[in-house]
Amino acid sequence: MPLSKRIIPCLDVDNGLVVKGVHFLDIKIAGDPVKLAKKYTEQGADELVFLDITASQEGRDTMRDVVTNVADVVNIPFTVGGGIRNLEDARQILRNGADKVSINTAAVNNPGLVTELMEIFGRQCVVVAIDAKFKSPIQAPKMVKRKSTYATENIDNTYEVMIYGGKKETGIDAIQWAKKVESLGAGEILLTSVDADGTEDGYRLDLTNLISDAVRIPVIASGGCGKPEHILRLFKETDADAALAASIFHYDKYSIDKVKSFLREGGISIRF
Amino acid sequence: MLRIAIFDYGAGNLYSLKAAFERNPNTRVSIIDSLKNILDYDGLVLPGVGNFDPAITSIGQGKELFIKAVEDKTPILGICLGMEMLFNKSEEGKLNGLSILDGEVIMLNKKLTKIPHMGWNTLKLEMNGGNLLNGIPDNSWVYFVHSYRISPVNKGIVIANSEYGITIPAAIEIDNLFGTQFHPEKSGKTGAIILKNFLRACRERT
């Protein structure tokens, strides 16, 4: 039996409550993070991801309590991302009980942070989240002209790294950036298609393949999952190690155990 | 009341390991940053978060007491890095290991598989799984996160293997010394049974 493919529910947390955003906008409340974490664990989730989308400092302090309360009841790995700007933020989250931290904007602004985290906590703790946005070939040359260390002269694919929750362009080519963070010390890449996120019309398989072919660390695909068939296609047609999804689990549309049975029948290596 | 000590190399994330042990009744877990009082505890855990050299350095002067604890047959559980430290040396670091067990720690092969070996994989039991894996069926799923594997001189200590491109020793046991390459505290119900088995070894010795 090979390593299983992982099913990872994602919980966006705002001021201590789980919410689900569509295209990073139009937020709806969905529930208590500790209860949801417990439920997902019991249903067979392989891992959990919490993204703190809180804007205020008080809200971030709340997140630390959420992390501890989740660690008290959950016996599978969980990652916390969002709002981690520096080493101290990461240390707090890990000390409060998270297994891994995910950084995105902070890694782009200070790539050395990836290495620092790896050296202190070990590579396995460091997830770099890459939010990638498709650029049409007409827009692409603009990316090359921008001042950036990682933009390449001959971009044959046109995915750009976005920061600040998918809102700000960086001029950085996503593939080059994936290779860079691997060499800096990332243990895993959480790859989100900004275009697909919230659409529920499937993962972006081309993007997933481009990134997972470029690195030798595990890749979690995210953005666009609307039904179990999307996850099956992801694992059949790409080398992704894990599928992250939010909305299909949140409103009890599909339970995790049902999704996993469906994938197992589809010939995917799944833990049960 | 069972008294268990988890040794902190200074890296930090020990909360979930502590919480996993404390889900068992009558178990008190202390996180310690020096080994000077280890002989007072019923069991010692070397956790699995950090890097080889800083972890070895943090043990420092405590090494002799640690060897004494092993000789006294104090139950000791090394998780991932904590198990790797029991051997002579590791490709992750330059410093010598604790040399409680003979063998070395080797990096996984990037050409064969992605590194780290991260996620859920199955156990193939050897020697009936020893005391540590008592009650765990063959092919049970456990959670791995590691880039190195152990290569013990005495293969007889291996109580489970896992397949990831090559065969990886997944758990070891000799007397009251236990080690897992995977993380029992993150391995759901299977992991909870393994921690309970370790606590039983601690209880039986007292």
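Notes on the structure in this doc start here. (Residues numbered from 1 in each chain as written. Chains lettered and ligands numbered in written order. Predicted model: local features only at pLDDT ≥ 70, side-chain atom pairs only at ≥ 80, totals over all residues.)

**Re unusual backbone geometry**
Residues and elements named next belong to chain B. The condition that has to hold: Helix numbers and strand numbers start at the N terminus; a helix is a DSSP run of H or I with at least 4 residues, a strand a run of E with at least 2. Around each residue's C-beta, the other C-beta atoms within 10 Å are counted; 20 or more make the residue buried, 12 or fewer make it exposed, and counts in between make it partly exposed. All C-beta atoms are placed from the backbone.
Cis peptide bonds are those with omega within 30 degrees of zero, and the linkage from Ile-115 to Pro-116 qualifies with 0 degrees. We note that Asn-26 has phi near 55 degrees; this positive angle belongs to a residue other than glycine. Position of Asn-26 among the secondary structure elements: in the loop between helix H1 (15–22) and strand E2 (27–32). The class for Asn-26 is exposed, based on 8 C-beta atoms found within 10 Å.

**A few points about the interface of chain B and chain A**
What counts here: C-beta atoms are first placed from the backbone for all residues, and any pair lying within 7 Å is then listed as a contact. Only Asp, Glu, Lys and Arg are considered charged in this grouping, and only Ala, Val, Leu, Ile, Met, Phe, Trp, Tyr, Cys and Pro are considered nonpolar; every other residue, Gly among them, is considered polar.
Taken together, the contacts link 30 residues of chain B with 32 residues of chain A. Elements with a contribution of two residues or more to the side of chain B that touches chain A: H1, strand E7 (117–122), strand E9 (141–146) and helix H5 (188–205) of chain B. Class assignment for the residues of the side of chain B that touches chain A results in 14 nonpolar, twelve polar and four charged.

**Comments concerning the pairing of strand E6 (residues 103–107) of chain B**
Residue and element names in this part refer to chain B. Heads up, the condition is: When DSSP finds two or more bridges between two strands, those strands count as paired.
For strand E5 (residues 89–90) and E6, the ladder comprises two bridges, and the chain directions are parallel. Residue pairing for E6: Ser-90 is matched across the bridge by Val-105. One ladder, built from five bridges, connects E6 with strand E10 (residues 148–152); its direction is antiparallel. For Ile-106, the partnering residue across the bridge sits in E10 and is Arg-149.

**Topic: the sheet that holds E6(B)**
Pairing is mixed in the open sheet, where three strands are placed in the order E5-E6-E10 (chain B). Here the strands that pair on one side only, and so sit at the sheet edges, are E5 and E10 of chain B.

**Quick notes on helix H3 (residues 87–95) of chain A**
All names here are of chain A. What counts, and what does not: Throughout, the arc means that of the directions going from the helix axis to the C-beta atoms.
Those residues of H3 that sit buried are Ala-90, Ile-93 and Leu-94. Relative to the axis of H3, the buried residues are bounded by an arc of 95 degrees and lie together on one face. On its buried side, H3 packs onto helix H2 (57–73), strand E5 (78–81), strand E6 (100–103) and helix H5 (112–121). One or two positions beyond H3, positive phi appears at Gly-97, with a value near 125 degrees.

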